[in-house]
Amino acid sequence: MTVRTITTSTLKTLKNSVIGNPAAKLALAQDTALIHLLVNCLTSYADTQGSHDDIRIETAHVIASISYGSEVALVSLIRANALHAFLFALSNMKPHDPVQLKSALARGLRVLSTAVAEVVGPSQLGLRTWNPDLRSEAKVALSYLFEFDCLNIFLPLLADPSSQTNIAIAQLISTTVRSEAHRNAVTEWLPPTERSKEIKGRRGWEKKEMVNSSSPARQGGWVVRLLVNFLQKKDIKLQEAALSALSSLAMENTVVATTLTRVWPDAVDTPLNIVLNLTKSRSTDVQLTASLCAAHVLRANASHHPGSIDYSAALNVIHVVNRVLSSSSETPQNKIKTCYTLYHLVKDDKELCREVYERGTLEKVVLLAKHITPLERTSEWEEDEPESTLALREATLTVIAAISLFDNNIRREVADDLQLVPTIQVSLSHKNIGIRHAACTCLRALSRAVSIIRTNIVDSKIGMELFAIFKKEDEDPRVTYAALNTICNLVNDFSPLRPKLLDQGLLPRLMQLLASDDINMRVGALWAMRNTLRTSDPSTRQTVMAHLCWSQLVMLCNDSNPGIQEQAMSILRNLAEDEEGVDYVFESIDTETLANCIISGLESSNEDVTHHTACFLANIANGSREEQDFIFAHPHIIHAMHDCMTDAKSDTRCPLISCILSLVQSNIRRKHELTEAGITSTLRHMCDWTAGVSVSMSPGGRHQRIHMDEDKEAVKLARSVLDLLEHSSIGDLL
C-alpha cells in the first residue's frame, strides 16, 4: 500500500479494494505504518485532507472492513490500539457532530470488538481455531473493553436518539458478552444519574433492589430495561439486535432470566411473553433471534428452579425450529442458527430432549445431516464444499449428540431407524476440525447404549476409526478430548472392543494424556482407566497398573482437584472389586499410605469423592479378616466413616453401612469399637428418622432434610447391623 495522505477519496478506494479481497486485506494488514495512520485518523486530523467528519466516517468503515477474516489484520489493529481509538473518539463526540459519524464509530467499534471476542471465545456458532499469540492479545483487548470506564463510554449510546447507533451497541453486547464476568459488568452498569439515585435512595443496610419496585435492579439493570423497550418498537433491525443482546445477557444468568419472566411495573405483560410473541414475527431473522433468546431465558430460569421448565413456552421455540428445518427455501445460515438454538434449548435436559424427539424435530435434524453429507470420501468433495455446508453439518451433528445423550430409545432411533452411523463415520475423517469434533461427540452419545456398541459400532468398524483419531498426537486437543470421552464408553466391561483397544496401545496413549496440562484431559484419561478396570480380570489390572504405577495412583488419590481425586478413588474401588483384587491392593500399597488415602477421600467436601471412597471401603470389608482388621487398626478411618455417614447423601451412606455390616458379620467382637466411635448410636438415630424431619446426628454436623424414600436402603442396612449387634450372644463377645 502506498497511501500516505488520507483523503475521503483514497479511503473509499481503500475500502472497496479490501471488501471480499483477502489478498488486499492481508497486504493492508502488513502495512503497519498505514494501519497506525488509519487508527490515528479516528482521533486526530494530521496527514488528512478534506472534511474531517467524512474522513473519520470513511476511516471507521475501512477499519471495520479489515477487522474480520484476517488474523494478521486483527493483530495489527489490536497492537495499534484501535479499540481505544474508537472509544476515545466516541467519548469526545460533540452535540453538533453529525449522526452519521457517531453511527459509523459505533458500528466500527462493534465490528472490531466482535472480531476480538470471536477469537477469545467461546464461539457462538461452532468450533474455531486461532493462533495462540493472537488469542492472548485478544483476551487483553476484550478485558479492556469491559472495564468500567469503557462501559461508561459505549453503553449510554443505547439511549442515543439514533436507532442506527442503538442497533450497533445492542449488536456489540450480543456478540462480545461471552462470560459471566462480562454479563455481570453489563447488567449491573448504571448511568451516573441513576447510580447516584440508587445510592441516595437506600439506607446502608438495604440491598439496592429492595428500595423501590421500579429500581433498574428490579428490571435486570438499566441495559436490560432499554433492550426490552426496544422490543416494542416497530423497527425490525432494532428488535433483532435487542433480542440478540438479551439472549447473550440471559445465557446462564438466573438473575436476568428471572427478571424477564416477571411483570414489570406499569407493564401489561412479561418481557418473556413479548419475546415469545416475536417468535411469530414475519421476519425469519427476528423469529430465530427471539427463539434463541427464549431458549436462554427458559434454561437459565429453570436452572434456579430444577424441574420448573416452562414447556408451553419451549413449544414456541420448537415450532420455529421445526418450521425452519422443514423449509427447502431457508438459507444454510438460518438453519445453522436454528440448530444451535435447539442445542441451547435441550442441552443436558432429559425431558426436553424427549420432547423434541417425540415432536419429530430430531428426525428432521438427522435427515438434514444425511442430506448434506455424501458417503463417498473424495478430495474433490472436501475441497469444493461451501463453508456454510461445513458449518451446517457441524451444527446438525452437535445437536443430534445433545438430544441422544440420555435415552436409549432415542439412540436406537438415530442408529437403527435413521441409520446415521455412516454419516458420522465419514465425518470422523473430514479435514474440518469442527466436523470431526461433532462426529466424535455424536458417537459418544450413541456409545452409551450397550446394544449399539455391540452391533452398529463394532460391525461398522467406526469404533476403531475413532480410536485411530484418538491416538493421533498431532490432532486438535478438542477433537482428542471428544474422542477420549467416547473411548471411556468403549472400554466398559460390556464392550467387545476393550481387549482390542488394550492390545493396540490404549494405555500408553492414556498415560500421555494424563501428563497433559489440561485438567479435563487428565480427568478423562483416568476415567478411561477406571472403566477399563471395572469387572476386569487380574491380568488387565496388572497391565493397567504397570502403566499407571501405584505411587502415582497414591498421589492422585490425594490430589487437590476433586475431579482427579474422584477418578483415582474410583480406580482403587474397581481394583478391589473381588477378594483377589483387595489382596492385590494391600500387596501394592503399605497400610499407612492406604489409610491416608481413605481418610483424605472420606474427609473430602466433594460428594463424588466420598462416595467412591465409601464403596472402596465396602470392598475392603469383603476381604480377608486381616484386611478387615486394617480398618479398625486405624481409628481415624472409623471416625471419618462416622462423620461422613452423618453428613453424606444416601448413595454414600449405603456403602458405608454395608461396610459396617460386613465387618460385624465377620467379627461381632467389633461392637465395642463401633460404639466408641459413635456409629452404633448414629445407626439408631437413622432408624428413628421420619419423613421430612431435619436431623443432625453429630455435633456441628450439617443439617439435612432426610426423606425416608431416599434412605430406605440405608435404614434397612442400619437395622440389620443393629439386629446383629443387639441379638449377639455373650459367647460371641468373648
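Calculation notes
Residues numbered from 1 in each chain as written. Predicted model: local features only at pLDDT ≥ 70, side-chain atom pairs only at ≥ 80, totals over all residues. Heavy atoms only, no water. Helix = DSSP H or I, 4+ residues; strand = E, 2+ residues; numbered from the N terminus. Buried < 20%, exposed > 50% of the residue type's maximum accessible area, 1.4 Å probe, protein only. Polar contact = N/O pair within 3.5 Å; in protein donor to acceptor, adjacent residues only side chain to side chain. Contact = heavy atoms within 4.5 Å. Arc of directions from axis to C-beta. Salt bridge = Lys/Arg side-chain N within 4 Å of Asp/Glu carboxyl O. Patch = residues over 30% accessible without salt bridge, like charges linked within 9 Å, V, L, I, M, F, W, Y side chains within 5 Å. Areas by Shrake-Rupley, 256 points an atom, 1.4 Å probe, with all protein chains shown as cover. Lys, Arg positive; Asp, Glu negative; His and termini not counted. Charge placed at Lys NZ, Arg CZ, Asp CG, Glu CD. Phe/Tyr/Trp six-rings, centres within 6.5 Å; stacked < 30°, edge-to-face > 60°. Lys NZ or Arg CZ within 6 Å of the ring centre and 35° of its normal. Axes fitted to C-alpha atoms, helices over the stretch in contact; angles between N-to-C directions. Parallel < 35°, antiparallel > 145°, perpendicular 65-115°, else oblique. Left-handed = near helix turned anticlockwise from the far one by under 90°. Nonpolar A, V, L, I, M, F, W, Y, C, P; charged D, E, K, R; others polar. pLDDT = per-residue confidence, 0-100.

(A) Local environment of the side chain of Ser 67. Relative to the helices and strands, Ser 67 is located in helix α4 (residues 52–67). On the basis of relative accessibility, which here comes to 2%, the residue Ser 67 falls in the buried class. From its side chain, Ser 67 meets the backbone oxygen of Ile 63 in a polar contact 2.7 Å long. Those residues within four positions of Ser 67 in sequence are excluded, and the remaining contacts are Leu 74, Leu 77, Val 111, Leu 112 and Ala 115.

(B) Structural context of helix α27 (residues 450–460). Taken as a whole, α27 has its buried residues at Ile 452, Ile 453, Asn 456 and Ile 457. Buried residues along α27 cover an arc of 125° about the axis, so they all sit on one side. Lys 461 lies just past α27 and shows a positive phi near 65°.

(C) Looking closely at the pattern of salt bridges. This structure, assessed with the given rule, holds 13 salt bridges. Across the pair Arg 178 and Glu 118 runs a salt bridge, and its minimum N-O distance is 2.9 Å. Placement of the pair is Arg 178 in the loop between α10 (163–176) and α11 (180–187) and Glu 118 in helix α7 (residues 99–120), with a sequence separation of 60 residues. Across this residue pair, the class does not change: Arg 178 and Glu 118 are buried. For Arg 354, the salt bridge identified is with Asp 407, shortest N-O distance 2.8 Å. A residue pair is termed long-range when its members are at least 10 positions apart, and Arg 354 in helix α20 (residues 350–358) and Asp 407 in the loop between α23 (387–403) and α24 (408–417) qualify at 53 residues. Given a relative accessible area of 26%, Arg 354 falls into the partly exposed group. Overall, the relative accessible area of 14% leaves Asp 407 in the buried class. If you follow the salt bridges from partner to partner, you end up with Arg 354, Glu 358 and Asp 407 in one network.

(D) Fine view of unusual backbone geometry. For the peptide bond that leads from Gly 121 to Pro 122, omega is 0°, which places it in the cis range. Position of Pro 122 relative to the elements: it lies in the loop between α7 and α8 (132–145). Residues other than glycine seldom take positive phi values, yet Glu 252 does so here, at roughly 55°. Along the chain, Glu 252 falls in the loop between α14 (236–250) and α15 (254–260). Backbone geometry at Cys 549 places phi at a positive 75°, although glycine is not the residue there. As for its position among the elements, Cys 549 is in the loop between α33 (538–548) and α34 (550–557).

(E) Seen up close, a negative patch on the surface. A cluster of acidic side chains, namely Glu 579, Glu 580, Asp 583 and Glu 587, defines a negative patch on the protein surface. With respect to the helices and strands, Glu 587 occurs in helix α36 (residues 579–588).

(F) Summary view of the packing of aromatic side chains. Under the defined criterion, the tally for this structure stands at four aromatic pairs. With a centroid separation of 5.3 Å and 70° between ring planes, the pair formed by Trp 189 and Trp 222 is classed as edge-to-face. Taken together, the positions of Trp 189 in the loop between α11 and α12 (192–200) and Trp 222 in helix α13 (residues 222–231) put the pair 33 residues apart, joining distant regions of the chain. Across the pair, Trp 222 and Trp 189 agree in class, each one buried. Cation over ring: Arg 509 sits above Phe 470, and NZ or CZ is 5.8 Å from the ring centre.

(G) Focus on the packing of helix α28 (residues 462–471) against helix α31 (residues 506–514). Remark: α28 packs on α31, axes separated minimally by 10 Å, with the N-to-C direction vectors making an angle of 40°. Between α28 and α31, the angle is such that the two are oblique. As for how α28 packs across α31, the hand of that crossing is left-handed. Across the interface between the two elements, Phe 467, Phe 470 and Lys 471 from α28 touch Leu 506, Arg 509, Leu 510 and Leu 513 from α31. In terms of residue class, the contact of α28 with α31 is made up of five nonpolar, no polar and two charged.

(H) Highlighting the environment of Lys 337. With respect to the helices and strands, Lys 337 occurs in helix α19 (residues 332–346). What makes Lys 337 partly exposed here is its relative accessible area of 31%. Along the backbone, Lys 337 and Val 321 are 16 residues apart, and their C-alpha atoms lie at a distance of 9.5 Å.

(I) A look at the confidence of the model for the protein chain. When pLDDT is averaged across the protein chain, the result is 88; 90% of the residues are at 70 or more. Considering only residues more than four positions removed or in separate chains, one finds that residues 208–214, a stretch of pLDDT under 50, has 19 contacts. Note that residues 690–708 has pLDDT below 50 and, in this model, 37 contacts with residues that lie over four places away or in other chains.

(J) Quick look at the environment of His 685. With respect to the helices, strands and loops of the structure, His 685 is situated in helix α43 (residues 679–688). Judged by its relative accessible area of 41%, His 685 falls in the partly exposed class. For the pair His 685 and Val 346, spaced 339 residues apart in the sequence, the C-alpha separation amounts to 42 Å.

(K) Region of the structure containing the environment of Ala 568. By the secondary structure assignment, Ala 568 is in helix α35 (residues 562–575). Ala 568 gets classed as buried once you look at its relative accessible area, which sits at 0%.

(L) Highlighting α34. Turning to α34, its buried residues number three or more, namely Trp 550, Leu 553, Val 554, Leu 556 and Cys 557. Summarising the axial view, the buried residues of α34 lie within an arc of 160°, below the 170-degree limit, and thus occupy one face. Facing away from the buried side of α34 by over 90 degrees, the exposed positions are Ser 551 and Met 555. Of the surrounding secondary structure, the elements contacted by the buried residues of α34 are α31, α32 (519–533), α33, α35, α36 and α37 (591–602).

(M) Quick peek at the packing of helix α25 (residues 421–428) against α28. Following both chains from N to C, one finds α25 and α28 inclined at 25°, their axes separated by 10 Å at the closest point. Comparing the axis directions of α25 and α28 gives the class roughly parallel. For the pair α25 and α28, the sense of crossing is left-handed. Counting all contacts with α25, which are made through Val 421, Ile 424, Gln 425 and Leu 428, the residues of α28 involved are Ile 462, Glu 465, Leu 466 and Ile 469. Residues that form the contact of α25 with α28 fall into these classes: six nonpolar, one polar and one charged.

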